[in-house]
Amino acid sequence: MERIDKVLAHHGYGTRKDVKKLLRTACITLNGKQIFDPATHIDLGADTLAIDGEVLSLQHDLYLMMNKCKDVVCANKDGEHRTVFDLIAPELRHPFMGGELHHVGRLDIDTEGLLILTTDGSLTHKMISPKTHIPKTYAVRLRDSTDEKTRAQYKKAFAAGLHIPHEGNEPEFEAQSAELVWLADNSEEIDAVTAKNAAGCDCLLTIYEGKFHQVKRMFTAVGNEVVYLKRVAMGKLKLDSALPLGEYRELTEEELGALGVFA
């Protein structure tokens, strides 16, 4: 249960003072009955609120899937580049009841793919906490193609865990076991990354942590270089292959269930 003035303020109708004025000047109804008291309480999951006959869609939290494109950064503001929030419609950028819209984790400026944006802080904590070990799967294209023997060596090394040297101010670390799938050896995986031709430089990598530039640094550690990187899954949630680059949509109930939102 939430106060009506708080609900309307969080859904873009100005300050609570503005809402008090709106209650006097507009016909605001709760379950068909006009209300005037800003302290009136509403059940967001059960009640129907309307302004001048138009029923409002009330949300406590917002959950978005974005297919992030290159050349945009995961930040609220950036002096040089567009941010992921520049791609979001202004009407979705107001504070919801659950809080401010934010991105769950980060993707580098040159990395594409699945990015979750939400106002649900508890989901964000669960998804990025090192304790939960949420798997993240990336489609990778490498600079150097590999033969069958080299692919087997990479796969074994990634499964065993790699020592990752420091990068700039980022310290060295021991990467946890990761799962490497070569598309050349698993043609059924091609559709997952919309690859037209699987080559010895194309693979899927699933990691269970999120260190700085981790995927790139892991392949550097075995003597190769990532030239294309796209996140295609987080936990049980897969990137919608029909979602164009730079576009976004709200998550379906099934997808929210996959993230454990209803748990």
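Residues numbered from 1 in each chain as written. Predicted model: local features only at pLDDT ≥ 70, side-chain atom pairs only at ≥ 80, totals over all residues. Heavy atoms only, no water.

### Regarding the side chain of H103
Consideration 1: Here H103 shows up in strand β10 (residues 102–103).
Consideration 2: Reaching out from H103, the side chain makes a polar contact with the backbone oxygen of G105 at a distance of 2.9 Å. (Helix = DSSP H or I, 4+ residues; strand = E, 2+ residues; numbered from the N terminus. Polar contact = N/O pair within 3.5 Å; in protein donor to acceptor, adjacent residues only side chain to side chain.)

### What about the confidence of the model for the chain?
Consideration 1: Across the chain, pLDDT averages 89, with 92% of residues at or above 70.
Consideration 2: Contacts for the low-pLDDT stretch residues 192–198, under 50 throughout, to residues beyond four places or in other chains number twelve contacts. (pLDDT = per-residue confidence, 0-100. Contact = heavy atoms within 4.5 Å.)

### Remarks on the nonpolar core
Consideration 1: Counting 36 residues, the largest nonpolar core has V140, L205, V215, M218 and F219 as the members making the most contacts within it.
Consideration 2: Where this core is concerned, the elements lending two or more residues are β7 (63–68), β11 (112–118), β12 (136–142), α4 (148–160), β15 (179–182), β16 (202–207), α5 (214–221) and β17 (226–234).
Consideration 3: Sequence-distant contacts of L205, that is, excluding residues within four places in its chain, are made with K136, T137, Y138, V140, F158, A178, E179, L180, V215, M218 and F219.
Consideration 4: A26, I28, I42 and L56 belong to the second largest nonpolar core, which has 16 residues in total. (Core = buried A, V, L, I, M, F, W, Y, C linked by side-chain atoms within 4.5 Å. Buried < 20%, exposed > 50% of the residue type's maximum accessible area, 1.4 Å probe, protein only.)

### Points about the packing of aromatic side chains
For any pair of aromatic rings, the description consists of the separation of the ring centres together with the inter-plane angle of the planes.
Consideration 1: As enumerated under the stated definition, the model contains two aromatic pairs in all.
Consideration 2: Relative to W182, the ring of Y154 lies with its centre 5.8 Å away and its plane at 45°, an arrangement referred to as tilted. Residue Y154 is located in helix α4, and its partner W182 is located in strand β15; the two are separated by 28 residues in the primary sequence.
Consideration 3: Each ring, one from F158 and one from F219, has its centre 4.9 Å from the other, and the planes form 45°; the classification is tilted. Taken as a pair, F158 in helix α4 and F219 in helix α5 lie far apart in primary sequence, 61 residues in all.
Consideration 4: Residue class for F158 comes out buried when judged on its relative accessible area of 0%.
Consideration 5: The buried category is assigned to F219, whose relative accessible area is 0%.
Consideration 6: Above the face of the F173 ring, K211 is positioned so that its terminal group lies 5.7 Å from the ring centre. (Phe/Tyr/Trp six-rings, centres within 6.5 Å; stacked < 30°, edge-to-face > 60°. Lys NZ or Arg CZ within 6 Å of the ring centre and 35° of its normal.)

### Structural notes on the pattern of salt bridges
Consideration 1: Tallied over the entire structure, the rule returns eleven salt bridges.
Consideration 2: Across the pair D108 and K216 runs a salt bridge whose closest N-O atoms are separated by 3.3 Å. Taken together, the positions of D108 in the loop between β10 and β11 and K216 in helix α5 put the pair 108 residues apart, joining distant regions of the chain.
Consideration 3: What makes D108 partly exposed here is its relative accessible area of 26%.
Consideration 4: Taking the shortest distance from any N to any O, the salt bridge between D240 and R249 comes out at 3.1 Å.
Consideration 5: Judged by its relative accessible area of 23%, D240 falls in the partly exposed class.
Consideration 6: Taken together, the salt bridges that share partners define one network made up of R3, D5 and R16. (Salt bridge = Lys/Arg side-chain N within 4 Å of Asp/Glu carboxyl O.)

### Considering the layout of surface pockets
Consideration 1: One number sums up the size of the largest pocket: a volume of about 640 Å³.
Consideration 2: As for the largest pocket, its lining consists of 29 residues, of which R106, K136, E209, G210 and K211 are closest to the centre.
Consideration 3: Residue assignment for the lining of the largest pocket shows that the elements contributing at least two residues are α3 (121–128), β12, α5 and β17.
Consideration 4: Among the residues making up the lining of the largest pocket, the classes are represented as 13 nonpolar, nine polar and seven charged. (1 Å grid on protein atoms, 1.4 Å probe; cavity = no way out; pocket = protein on both sides within 12 Å on 5 of 7 lines; lining within 4 Å. Points joined across faces, edges and corners; volume = space filled by probe spheres on them. Nonpolar A, V, L, I, M, F, W, Y, C, P; charged D, E, K, R; others polar.)

### Structural notes on helix α2 (residues 16–25)
Consideration 1: Regarding α2, the residues found buried are V19, L22 and L23. Buried residues along α2 cover an arc of 100° about the axis, so they all sit on one side. Facing away from the buried side of α2 by more than 90 degrees, the exposed set consists of K17, K21, R24 and T25.
Consideration 2: Lining the buried residues of α2 we find α1 (4–10), β2 (28–30) and β5 (49–51). (Arc of directions from axis to C-beta.)

### Concerning the side chain of K136
Consideration 1: Positionally, K136 belongs in strand β12.
Consideration 2: Despite its burial, K136 remains without a salt bridge, the nearest opposite charge being carried by E209 at 8.6 Å.
Consideration 3: A distance of 3.2 Å separates a polar atom in the side chain of K136 from the backbone oxygen of I134.
Consideration 4: For K136, the contacting residues outside a window of four places in its chain are L205, T206, I207, Y208, E209, G210, R231, A233 and M234. (Lys, Arg positive; Asp, Glu negative; His and termini not counted.)

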